[in-house]
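Tertiary structure, described
Listed below, chain by chain, are the residues.
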Amino acid sequence: MRDEQEFIDRLHARVDALRGVAAEGVERALTPVGTGQQARLERDILVAERSGLLAALNAVDGSLCFGRIDRCDGIAHHIGRIGIREDDTEHTPVLIDWRAPVARPFYLATGHTPMGLRRRRHITTEGRTVTELHDEILDLGDEDRTGFEDPNGDAVLLAALNSARTGRMGDIVRTIQAEQDGIIRAPHRGVLVVEGGPGTGKTAVALHRAAFLLYEHRELLAKRAVLIVGPNPAFLRYIAEVLPSLGETGVLLATQAELYPGVRATGTDSPRAAAVKGCEPMAEALALAVRDRQTLPEPGAPTVIPHEDGGDLILDWEIAYEARQAARDTRLPHNLARPHFVFRVIDALTAQLVERLGADPYGGPNFLGPDDVAQLGRDVALSRQVHAAVDELWPPLTPEGFLTDYLADPVRVPEADADAIRRAPGTKAWTPADVPLLDEVAELLGVDDSAERAAAEAARQERVGYAQGVLELSRGSESYEFEDEESEVLAAHDIIDAERMAERHEEADHRTAAERAAADRTWAFGHIIVDEAQELSPMAWRLLMRRSPTRSMTLVGDPAQTSEEAGVGSWEKILSPYVGDRFEHVTLEVNYRTPAEIMELAVGVMRENDPSFAAPVSVRSTGEKPWTRESGADLAGAVADAVAELTPREGRLAVIAPRPLHEEIAAATAGIAAGGEPDLTRTVVLLDPRQAKGLEFDHVLVVEPGRFGTSDLYVALTRATQRLGIVHREELPTALR
Ligand SMILES: Nc1ncnc2c1ncn2[C@@H]1O[C@H](COP(=O)(O)OP(=O)(O)OP(=O)(O)O)[C@@H](O)[C@H]1O
C-alpha cells in the first residue's frame, strides 16, 4: 500500500507539472505568430491539442491510475486512463495508457492464459489516496504472496456493479471484460455492429471504442472528429462524462434532432407521423416533389413578358421544356441546375428579340452584329420581368422553405400517409423526424453558394485594400519620421505585402474539429458511433451515411428494445443499401446490470410472444425477488408509498409510468423529478419507458405495466441494478401475474 501510495504521489506531481506546461502552452499558442494559411492552421491545431491535453489532465485527475501488471520477466507497468511520461531524455513511460498494446494483458490475462503476467493488481483510489488493492496471481507456480489476493478475481467487477448509481454513467476502464475488450479494440475499419440484450455494456463498449479509436488513429480523428448519436438529450447527458474521464474531449455527442445545423427540432410527432416521415419511400416522394417545382407554362398559354423595346417576349412551353431538359440533363441538384435553365431561357428570349429588331424585311441576313446581340442578351438577363417569369417556373428553393410547403400539403405519398404528416396550419417547430427530411431536401436542392463565395472574395479584397492603405500610411510616415536618419529600421511595407497582412487580420478559427463539424451539414466524420441504433428510421440512416462517406461506423443496439415504429428491426435491412453484406456483427452475451431475479421476469414478458427468445445471462443475483402490488382505487397514493419504501439512502430510484399518469404521480410524490427532461442526478425521477431507454437506476418502480407495449415493458423492467417493484390498478400482463 505504501509503495503504491508513493507511486501515486510521484505520478500526481508529474501531472501537476504537465498541467502547468500545457496551460502555458495554450497561452503561448494563442498569441498570433507567423503569417499565411499554414501558420494559422498549425497554430489552431496546437491550441486545440494543448487545450485538449489540459482538459484531459483535468478530467482524469480523480482516478488516474487504476492498475498494475507485473510480468514474469520482472518488468512492471502501471495502467491508467492516459499515458504519462517522465521528464527525462528517454521520455520513459510512467503510466501506460489503457489503450496501449502493452496494457492489453491487464484485461485479457487469465490463469489459463497468463500472457506473460505473474500478477494483476487493481488499485482503488479516492482522490489521490490509495484505499484498496486487489491482486490476482496468474502464474500459479509463483509462491510470492502480497496479502491482497482476491480469491475469485472478480471482487472489483462486482463492487463496480453493486455500487450506488449517481445519475451519470461511469467508465468501465478498470474492469473491461475480455469479450468487451475484443470489440473495443476491433481492428475492423468498416461497419461494426454490436448487438446485445439489456445491460450487456453496449453503451459502455461503444464509448470505450470511441476512446480507443481516438488513441489509435489520433491524427485522422482529431481532424475529422468522432460523432456519437444517442436517442435523446437526457441520454447524452447521462453518458457525457464517460469520454472526458478517459481523457477524450474532442467528440461530438448529438441526437438525431441536432444533426441539421441551424435547426433546433423542438416539436413532436405522433408515432404514426414519425413512422411515415422516416420510411424509405419518403426519399423518392421528396425527390419527385422537388421535380414538381420545375414547371412549364401550359401549351398554348405562354408567359408574355413585356420588354423595354415596347414589344413582348414570349416564354412558351417549347422554350421552357427544352431549357428544363437541358438543366435536368446536368443531373445537378435543383438550385445548381437552375442557372442552366435560366441561361437557356435568356438565350431563347434574346433570339426572339434579335429576330424582331434585326430582321431584314427583304429576307436578307439579320442586321445585328455580335456586339448588338450581346447587348440585347444583357438587357434580357437584367430584366426583372424575365427573372420573375423564370422564378415562377424554376424557383430557387431553401430546404426549410420547401419542406414547410411540402408538409402543408404533402404530395407523392398515399393519401393516408399525407394525412398523417400534414402540419396543422400555423405550426412552425421542426420535429426530430423532420431533420432527416431537411437533410434529404438540402441534398436534392444543393446550395448555390456562388453569392456567398463572391461575398467572401469581396471581403478579402476589402481586407487587402485596407492593408494596402495601412502600408501606404506607413510609407508616408517613414519619410516624415526617418527623414534625417540613415536608418536601418525596416518599415512594415518592407517585410510584408498587403495580401499577407490581410490574411493575418483574418479571424483565426480556434474551434475544434468537433465544433466545426457540428456547424457543417456536409462534414464527413472520421468515425460515427450510433447507440440504440435499432430506433433510427431509414431516412435517418440516409442522413448518417452521408456524414460517413468512408462508412467507418460502430452501431450498437438491441432489436428487442425497438420502440419507434419507424425503427428498422434488422441490421441487414439497415445496412445492405450502403455496404451490402460487408459488415461485422458481434454479440454480447452477459448482462452486467440486471440481477438474475429481475431478468427472469423480463424474459418471461418477451417469451409470451416468442417462446424461443434468448436473453443475456445475468452476471450476478441479489436474492431479492421483484414484487407486484395492487393499488386499489388510489394509484398515485400507492405509488407515493412505494417510493417512500424503495428510495435508496444512496443511489437512485426511477418510477417508470405511462405518460398520461405522470401528472397525478408527480402531484402525489414529494420531491420527484419529472417533466420532459428530468434531472437524472436527483434521487427519485419519474420517466416514461422511452425516456428510460439506455439509463439505469439502483431501484425501479414500474407503474401500470399493462399499458406498455412489449418492448417498452422489456426496457422498463431491465433498468434496475438492485430492486424492482410493480404497482398497478389495472390488470397485469400475463407474464407478470
Ligand atoms: N466490464 C464492466 N465493468 C463494470 N461495469 C460494467 C461492465 N460492463 C458493463 N458494465 C455496467 O453495466 C451497466 C450496463 O451497461 P450499458 O448501459 O452499457 O448496457 P447496454 O447494453 O447499453 O444496456 P441497454 O441496452 O439496456 O441500454 C452499466 O452500469 C455499465 O457500467
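Residues numbered from 1 in each chain as written. Predicted model: local features only at pLDDT ≥ 70, side-chain atom pairs only at ≥ 80, totals over all residues.

Some words on the overall build of the protein
Along its length, the protein carries 29 helices and 21 strands. Summarising its shape, the C-alpha atoms of the protein cover approximately 115 × 90 × 50 Å along the three principal directions. Relative to its full complement of 737 residues, the protein shows a buried share of 39%. Taking as baseline every contact in the protein between residues at least 6 positions apart, the subset at least 24 positions apart corresponds to 72%. (Helix = DSSP H or I, 4+ residues; strand = E, 2+ residues; numbered from the N terminus. Buried ≥ 20, exposed ≤ 12 C-beta atoms within 10 Å, placed from the backbone. Contact = placed C-beta atoms within 7 Å.)

Structural notes on unusual backbone geometry
Not every positive phi belongs to a glycine, and His-91 is a case in point at roughly 50°. Among the secondary structure elements, His-91 is positioned in the loop between strand 3 (84-85) and strand 4 (93-97). Assessed through the 9 C-beta atoms surrounding it within 10 Å, His-91 is described here as exposed. Even without being a glycine, Glu-704 presents a positive backbone phi close to 50°. Among the structural elements, Glu-704 can be located in the loop between strand 20 (697-703) and helix 29 (710-717).

Describing the domain arrangement of the protein
Taken domain by domain, the protein holds domain 1 (1-151), domain 2 (183-259 + 523-587), domain 3 (271-445) and domain 4 (596-736). Of the residues lining the interface, 19 residues belong to domain 2; the matching set on domain 4 comes to 16 residues. Here the side of domain 2 that touches domain 4 is composed, by residue class, of 7 nonpolar, 9 polar and 3 charged. (Domains from an automatic or database assignment. Nonpolar A, V, L, I, M, F, W, Y, C, P; charged D, E, K, R; others polar.)

Here we look at the environment of Thr-200
Relative to the helices and strands, Thr-200 is located in the loop between strand 7 (191-196) and helix 6 (202-216). For the pair Thr-200 and Ser-711, spaced 511 residues apart in sequence, the C-alpha separation works out to 17 Å. In contact with Thr-200, other than residues within four places in its own chain, are Leu-588, Val-590, Asn-591, Tyr-592 and Pro-616.

Some details on the nonpolar core
By size, the foremost hydrophobic cluster in this structure holds 153 residues, and its most contacted members are Ala-210, Val-226, Val-639, Val-655, Ile-656 and Leu-701. Per-element accounting of this core gives the leading share, 9 residues, to helix 6. Once residues within four sequence positions are removed from consideration, Val-655 is found in contact with Val-639, Val-643, Ile-665, Ile-672, Val-684, Leu-686, Leu-701 and Val-703. Of all hydrophobic cores here, the second largest spans 20 residues; its members include Ala-320, Ala-323, Val-380 and Val-386. (Core = buried A, V, L, I, M, F, W, Y, C linked by C-beta atoms within 7 Å.)

Notes on the environment of Glu-600
Here Glu-600 lies in helix 25 (residues 596-609). Sequence spacing of Glu-600 and Ala-323 is 277 residues, and the spatial spacing of their C-alpha atoms is 68 Å.

Some words on the sheet that holds strand 8 (residues 226-230)
Reading across the sheet, the 6 strands line up as 9-8-12-13-7-14 and stay open at both edges, with parallel pairing between neighbours. Looking at the sheet topology across the chains shown, the edges are occupied by strand 9 (251-255) and strand 14 (583-588). Direction aside, the axes of adjacent strands within the sheet are offset by 15° on average. Strand contacts of helix 6: strand 7, strand 8, strand 9, strand 12 (527-530), strand 13 (553-557) and strand 14, with the helix running at about 170° to strand 13, the strand carrying the most contacts. (Pairing = 2+ DSSP bridges. Axes fitted to C-alpha atoms, helices over the stretch in contact; angles between N-to-C directions.)

Description of the site of the ligand
The environment of the ligand is formed by 23 residues, the closest being Pro-198, Gly-201, Lys-202, Thr-203 and Tyr-592. Contributions of two or more residues to the shell around the ligand are made by helix 4 (155-162) and helix 6. Tallied by class, the residues present in the shell around the ligand amount to 8 nonpolar, 11 polar and 4 charged. In this structure, the shell around the ligand is formed jointly by two domains, domain 2 (183-259 + 523-587) and domain 4 (596-736), each of which donates at least three residues. (Near = placed C-beta within 6 Å.)

What to know about the UniProt feature "binding site: ATP" (unreviewed entry) in the protein
UniProt tags Gly-196, Gly-197, Pro-198, Gly-199, Thr-200, Gly-201, Lys-202 and Thr-203 as "binding site: ATP" (unreviewed entry). Structurally, Pro-198 is set in the loop between strand 7 and helix 6. A residue is classified by how many C-beta atoms lie within 10 Å of it, and Pro-198, with 25 of them, is buried. Setting aside its immediate chain neighbours within four residues, Pro-198 contacts Asp-558, Gln-561, Asn-591, Arg-593, Thr-594 and Thr-718. Its location among the elements puts Gly-199 in the loop between strand 7 and helix 6. (UniProt positions renumbered as here; feature names shortened; annotations may be inferred.)

Quick word on the sheet that holds strand 2 (residues 76-80)
Reading across the sheet, the 6 strands line up as 3-4-2-1-5-6 and stay open at both edges, with mixed pairing between neighbours. Taken across any chain shown, the strands that pair with only one partner, and hence form the sheet edges, are strand 3 and strand 6 (129-137). The sheet contact formed by strand 3 and strand 4 spans 2 bridges and is antiparallel. Note on strand 4: the bridge partner recorded for Ile-84 is Leu-95.

Notes on the packing of helix 18 (residues 434-445) against helix 23 (residues 538-547)
Between helix 18 and helix 23, the least distance of the axes is 8 Å, while the angle of their chain directions is 55°. As the angle between them shows, helix 18 and helix 23 are arranged oblique. At the point where helix 18 passes helix 23, the crossing takes the left-handed sense. Contacts from Pro-436, Leu-437, Asp-439, Glu-440 and Glu-443 in helix 18 reach Met-539, Ala-540, Arg-542, Leu-543 and Arg-546 in helix 23. Residues belonging to the contact of helix 18 with helix 23 are distributed by class as follows: 5 nonpolar, no polar and 5 charged. (Parallel < 35°, antiparallel > 145°, perpendicular 65-115°, else oblique. Left-handed = near helix turned anticlockwise from the far one by under 90°.)

Remarks on the packing of helix 11 (residues 281-292) against helix 18
Taken N-terminus to C-terminus, the directions of helix 11 and helix 18 make an angle of 45°; their axes are 10 Å apart at the nearest point. As summarised for this structure, helix 11 and helix 18 are arranged oblique, according to the angle between their axes. For the pair helix 11 and helix 18, the crossing hand works out as right-handed. Listed contacts from helix 18 to Met-282, Ala-283, Leu-286, Ala-287 and Val-290 of helix 11 are Leu-437, Glu-440, Val-441, Leu-444 and Leu-445. Residues that form the contact of helix 11 with helix 18 fall into these classes: 9 nonpolar, no polar and 1 charged.

Quick word on the environment of Glu-90
Assignment of secondary structure puts Glu-90 in the loop between strand 3 and strand 4. You can call Glu-90 exposed: it has 7 C-beta atoms within 10 Å. Distance in space between the C-alpha atoms of Glu-90 and Val-229 is 41 Å, their sequence separation being 139 residues.

Topic: helix 12 (residues 317-329)
Between its first and last C-alpha, helix 12 extends 18 Å over 13 residues, near the 18 Å set by a 1.5 Å rise per residue. If you check which residues of helix 12 are buried, you get Ile-319, Ala-320, Ala-323, Arg-324 and Ala-327. Projected down its long axis, helix 12 shows its buried positions confined to an angular sector of 125°, all on one face. Turned more than 90 degrees away from the buried face of helix 12, the exposed residues are Gln-325 and Asp-329. Along its buried surface, helix 12 packs onto strand 11 (312-315), helix 13 (334-358) and helix 15 (384-393). At the C-terminal side of helix 12, Arg-331 shows a positive phi close to 60°. (Expected span 1.5 Å × (residues − 1). Arc of directions from axis to C-beta.)

Quick look at the confidence of the model for the protein
Mean pLDDT over the protein stands at 89; residues scoring 70 or higher make up 90%. Counted against residues more than four places away or in other chains, residues 477-489, with its pLDDT under 50, gives 3 contacts. The complex prediction reports pTM at 0.86, with the ipTM value standing at 0.99. (pLDDT = per-residue confidence, 0-100.)

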